[in-house]
Amino acid sequence: MGPLVVVDRINKHFGDLHVLKDISTTVAKGEVVVVIGPSGSGKSTLCRAINRLETIDSGTITIDGKVLPSEGAELARLRADVGMVFQSFNLFAHKTILENVTLAPMKVRRLSKKDAESRGMEMLDRVGVANQAGKMPAQLSGGQQQRVAIARSLAMEPKLILLDEPTSALDPEMINEVLDVMVGLAKDGMTMLVVTHEMGFARKAADRVLFMADGMIEEEATPEKFFTDPQSPRAQDFLSKVLAH
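Residues numbered from 1 in each chain as written. Predicted model: local features only at pLDDT ≥ 70, side-chain atom pairs only at ≥ 80, totals over all residues. Heavy atoms only, no water.

Caption draft 1: Looking closely at the nonpolar core. Core analysis: the biggest nonpolar cluster contains 50 residues, and Ile-36, Leu-124, Ile-150 and Phe-226 have the highest contact counts within it. With nine residues, the single largest contributor to this core is helix H6 (residues 172-187). Sequence-distant contacts of Leu-124, defined by excluding residues within four places in its chain, comprise Ile-97, Leu-98, Val-101, Val-129, Ala-130, Ala-133, Val-148 and Ala-151. With 28 residues, the next largest nonpolar core counts Ile-10, Leu-20, Ile-50 and Leu-68 among its residues. (Core = buried A, V, L, I, M, F, W, Y, C linked by side-chain atoms within 4.5 Å. Buried < 20%, exposed > 50% of the residue type's maximum accessible area, 1.4 Å probe, protein only. Helix = DSSP H or I, 4+ residues; strand = E, 2+ residues; numbered from the N terminus. Contact = heavy atoms within 4.5 Å.)

Caption draft 2: Structural view of helix H3 (residues 97-107). Burial in H3 covers these residues: Ile-97, Leu-98, Asn-100, Val-101, Thr-102 and Pro-105. Among the structural elements, helix H4 (113-126) and helix H5 (142-154) are those in contact with the buried residues of H3.

Caption draft 3: Structural context of the UniProt feature "domain: ABC transporter" (unreviewed entry) in the protein. Mapped onto this numbering, the UniProt entry gives "domain: ABC transporter" (unreviewed entry) at residues 5-239. A helix fraction of 38% and a strand fraction of 26% characterise residues 5-239, whose end C-alpha atoms lie 27 Å from each other. (UniProt positions renumbered as here; feature names shortened; annotations may be inferred.)

Caption draft 4: Broad picture of the sheet that holds strand S2 (residues 17-28). Across the sheet, which stays open at both edges, the four strands sit in the order S2-S1-S4-S5 with antiparallel pairing between neighbours. Each edge of the sheet is formed by a strand with only one pairing partner; in this case those strands are S2 and strand S5 (66-67). Pairing of strand S4 (residues 58-63) with S5, which is carried by two bridges, proceeds in the antiparallel orientation. Paired with Thr-62 across the strands is Val-67, a residue of S5. (Pairing = 2+ DSSP bridges.)

Caption draft 5: Structural context of the packing of aromatic side chains. Tallying each qualifying case throughout the model produces three aromatic pairs. Ring plane angle 50 degrees and centroid distance 5.3 Å describe the contact between Phe-211 and Phe-238, whose orientation is recorded as tilted. On the criterion of sequence distance, the pair formed by Phe-211 in strand S9 (residues 208-213) and Phe-238 in helix H9 (residues 233-242) is long-range, its members being 27 residues apart. With respect to class, Phe-211 is no different from Phe-238; both count as buried. Seen in terms of ring centroids, Phe-226 and Phe-227 are 5.3 Å apart; in terms of plane orientation they differ by 80 degrees. Their pairing is edge-to-face. These aromatic residues form a ring-pair network of at least three members: Phe-211, Phe-226, Phe-227 and Phe-238. (Phe/Tyr/Trp six-rings, centres within 6.5 Å; stacked < 30°, edge-to-face > 60°.)

Following this line, the structure appears as structure tokens:
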């Protein structure tokens, strides 16, 4: 399968801080790439740059053969093909769960209300919260809300889903219900780039692990290779800390 995403020598500064330094990587169609590394290493910035939620200073990002433009209708079209799931669920508090999931397919994909609702219910069922469709977000647990956010992404039939620390705002008992949904998507062949601290998920579901430190990709390997035989001192140090608990 050819690459769906090509990141070519991108750089990003926040003032004097150089947060992404000449980053190049690809994500193939159907591949699950998990990005891990210490806080402040540039993981979330990379994830957000692929959706142009963060602008870049130099380099290019190509999605399905098209260079990501900096603004305008073409950007909106490309963005419609890239789902995004955030730490905080970003659901509309004043809309029901089903309304949250059907809004974008109706507005952006121009689906009829009936078709959007039918697809929305299918996606809510897929993530295990179809029985909550008529409720408001505040009536759901954090884990349920995050599963709704994933369903909302899926309802757009994206080519790629970006998940930026999707479990970091959740209580421990809710983390697994969200990770189980993500593992299911991975098995179904959904192309995903996931920024996470969940090493178990990286081991189980990733095709490839990117380890970032100081704004650079220090190491890139299969989960098996990365977790059993990390090459760089930074990766060895990081793993010794996170796997010790």
